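Commentary on secondary and tertiary structure
One letter stands for each residue in the lines below.
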Amino acid sequence: MVATLARLRFQILRNSLKREKWRIILLILGALYAFAVLALVVVGAFALGVTAEPEARTNLLVLIGSLLVVGWIVVPVLAFGVDDTLDPQRFTILVAPSPRLALGLLVGGAVSIPGLATVLACLAVSLAWLGSGSVGERVLGFVVAIVGGLLGAVLCLLLARLSTTAGAGLLRARRGREVASLIGFALVMLLAFTPSILQSFTFELSWDSIAGIAHVLAWTPLGAPWALPADAMAGDWLHLLARLAIVVATLVLGYLGYLVLLRRSMTSVGSGGGPSAQRASRLPFTHRLLTWFGSERSVLGLPLTRGTAAVAGRSLRYWRGDPRYLASAGLIALMPLIALLLAFTFSRQDGVQIAGALAGASLALAPIAAWFGSWLISNDIAYDSTAFALHLTTGVRGREERLGRVLGIAVWLVPVCLVLAILPPAVLGRGEYVPAVLGGTLALLGVGFGVSCIASVMVPYPVPPPGANPMSTQQGAVVITMIAQLGSFVAMGVLVAPTALTLIPVVAAGSGWSWLTLVVGTLSGLICLVLGVRIGGQMYEQRAVSVYERITSWPKH
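Residues numbered from 1 in each chain as written. Predicted model: local features only at pLDDT ≥ 70, side-chain atom pairs only at ≥ 80, totals over all residues. Heavy atoms only, no water.

**Here we look at helix α9 (residues 224-234)**
Using the following cut-off: Under the scheme applied here, a residue whose accessible area is under 20% of the maximum for its type counts as buried, over 50% as exposed, and between as partly exposed, the area being computed with a 1.4 Å probe on protein chains only. Note on conventions: DSSP H or I runs of at least 4 residues are helices, E runs of at least 2 residues are strands, and numbering of each starts at the N terminus.
The buried fraction of α9 is high, at 10 of 11 residues. Along α9, the residues classified as buried are Ala224, Pro225, Trp226, Ala227, Leu228, Pro229, Ala230, Asp231, Ala232 and Met233.

**Focus on the nonpolar core**
General note: in soluble globular proteins, nonpolar side chains tend to be found buried as a group. Stated precisely, the cut-off is as follows: Throughout this description, the term nonpolar core refers to a set of buried Ala, Val, Leu, Ile, Met, Phe, Trp, Tyr and Cys residues connected via side-chain atoms within 4.5 Å. By definition, residues are in contact when any of their heavy atoms lie within 4.5 Å.
Within the largest apolar cluster, 52 residues are counted, with the highest numbers of intra-cluster contacts made by Ile381, Leu413 and Phe449. Among the elements of the structure, β2 (302-304), α14 (323-350), α15 (354-375), α16 (380-384), α18 (398-427), α19 (434-458), α20 (478-495) and α23 (514-552) are those that each provide at least two residues to this core. Here this core takes 11 residues from α19, the largest share from any one element. Other than its neighbours up to four places away in sequence, phenylalanine 449 contacts Ser374, Ile377, Val406, Ile409, Ala410, Leu413 and Leu529. By size, the runner-up hydrophobic cluster in this structure holds 35 residues, among which are Leu63, Ala102, Cys122 and Leu217.

**Considerations on the pattern of salt bridges**
Cut-off, in case you're wondering: Put simply, a salt bridge is a Lys or Arg side-chain nitrogen that is within 4 Å of an Asp or Glu carboxyl oxygen.
This model, assessed by the stated rule, comprises 7 salt bridges. Arginine 405 is paired through a salt bridge with aspartate 380; the nearest N and O atoms lie 2.9 Å apart. Here arginine 405, found in helix α18, pairs with aspartate 380, found in helix α16; they are 25 residues apart in sequence, far enough to count as distant. Residue classification places aspartate 380 among the buried residues on the basis of a relative accessible area of 1%. A salt bridge links arginine 405 to glutamate 401; the shortest N-O distance between them is 2.5 Å. With a gap of 4 residues between them, arginine 405 and glutamate 401 both fall in helix α18, about one helical turn apart. Note on arginine 405: relative accessible area 4%, which makes it buried.

**Quick notes on the environment of proline 424**
Structurally, proline 424 can be placed in helix α18. Assessed through its relative accessible area of 18%, proline 424 is described here as buried. Taking C-alpha positions, proline 424 is 7.8 Å from alanine 359, a pair spaced 65 residues apart along the chain. Sequence-distant contacts of proline 424, that is, excluding residues within four places in its chain, are made with Ser362, Leu365 and Val419.

**Focus on the confidence of the model for the protein**
Inclusion rule: Confidence scores here are pLDDT values: one per residue, from the predictor, ranging 0 to 100.
Put simply, the protein has an average pLDDT of 79, and 76% of its residues get 70 or more. Here residues 270-282 is a poorly scored stretch, pLDDT under 50, and it has 12 contacts once near neighbours within four places are set aside; other chains count.

**Notes on the packing of aromatic side chains**
So the rule is basically this: Classification of ring pairs uses Phe, Tyr and Trp, with its six-membered ring standing for Trp, and accepts pairs whose centres are within 6.5 Å; under 30 degrees between planes counts as stacked, over 60 as edge-to-face, and the remaining range as tilted. Here, a charge over a ring is recorded when the distance from Lys NZ or Arg CZ to the ring centre is within 6 Å and its angle to the ring normal is within 35 degrees.
Tallied over the full model, the rule gives 8 aromatic pairs. Put simply, the rings of Tyr318, Trp319, Tyr325, Tyr383 and Trp412 touch in pairs and so form one group of aromatic residues. Positioned above the aromatic ring of tryptophan 219 is the side chain of arginine 243, whose terminal nitrogen or guanidinium carbon lies 4.1 Å from the ring centre.

**Quick look at the packing of α19 against α23**
Keep this limit in mind: Only the stretch in contact is used when fitting a helix axis, every axis being a line fitted to C-alpha atoms; angles between N-to-C directions are given from 0 to 180 degrees. Geometric relationships in this document are graded by angle, where less than 35 degrees denotes roughly parallel, more than 145 denotes roughly antiparallel, 65 to 115 denotes roughly perpendicular, and other angles denote oblique. Classification convention: Asp, Glu, Lys, Arg as charged; Ala, Val, Leu, Ile, Met, Phe, Trp, Tyr, Cys, Pro as nonpolar; all other residues, Gly among them, as polar.
Running from amino to carboxyl end, α19 crosses α23 at an angle of 10°, the nearest separation of the two axes being 6 Å. The orientation of α19 relative to α23 falls into the category roughly parallel. Each residue belonging to the contact of α19 with α23 can be placed in one class, and the counts come to 20 nonpolar, 12 polar and 1 charged.

Listed below in structure tokens is the structure:
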């Protein structure tokens, strides 16, 4: 069973490489990156053994090893669905749950670049124990470190399978994926900005605090495998046996728990999300639009009809319930936050006043949110998947379809951008520039919506199907995705250039010219929106069927 699953994993990888050549390049790049990391681990372990004191060496290895174990517990859960080759439910009709299957899935999970790199890195850490002490102590520490590294690697792989299998039912449900997506983005950004935040607040982590944390972790399953060599070299065999018992007991209990979860996963049906009737809800926004919109009402050539209202309501429901849309909406909130964090960090490094840096960054919050938010619907049709057939069979006209999708996001994005354009600059002492910020924001919103109305019909590219992990990627979509996204960004940059040029007198002559930016930005945004809906609607009526055929040809759609 173990050998069969390992061969199956290799065969699937081989077939994917034959089918899509670009995967070979990604595999080579991933392997090179893994080898580079391993080289750094080898050099760092040897340098740590030569230069560091025994206690400092132990503390650092325990901390690093604990972080590695935590990473293997958390990351596979957040990346659920990216690689479901060894999903237990895929084997439901082929084999019954058994200890042999569980062992095969564990070994198969190690047959990957991250798995192999982790095992080799855990073994390479043993070099740190060859740098100091007598010959006998070095050999003893090295041998025990090999054993501890193997136990640590097995612990990582086991806990990864345990966490993904335990969360599989929850993550197959819509709410579970929403929570996982939000947690994932929060953790990624927290890790990315932790060094800058700590530096900005002049946070100092002393060796005493590191030692205290390491001593606690060394008595937990997270850090116990990495503390075994220190106990062996010190001759503290009682502590070594106690830590070894902690690791072995964790492995045994984890394996037994995995067997229970594996049996439950392979014998249960559904995601546990409850009946669809309980998840369905009314759409008061749509009902209000249907009441207010007339059958043939039109403004500037934009149809405010019942078809437009129906598409807008359906789009808005996706924005509030689909984890793929929620992940994108989270990025909209994240972009302004990044600007504030960078301003705060640079102000502390360059000696600039924090208030001045934050006031300057506040001027960019709304334009950034408008730029990224309006671009998000540039591939909106692809997210419908086969449900796009509903628009075809009901006879929704092109302009109605295009404008409805714009209203679905504009109903919440425009108020957010307006608040960001007015409130932060006014509070932080840059109120005289509010008209310029408003002009730039409205221009970006109109231009982005207009370009998206055309791009989503002209160049739809593969996206994660409904119910999939928002962070998963589609096979064969790299090149077309890059071309489509780059083209839409370039088009937005060209169309927003007239408004951007009006900022020159604002900077050079004073804030009195801000009203010029407001006028130009409002007019250019409105013109681009109207033209985008009209042109996109015409293209929609010509290409809707071919776009649907293209969507149905994508894997899992």
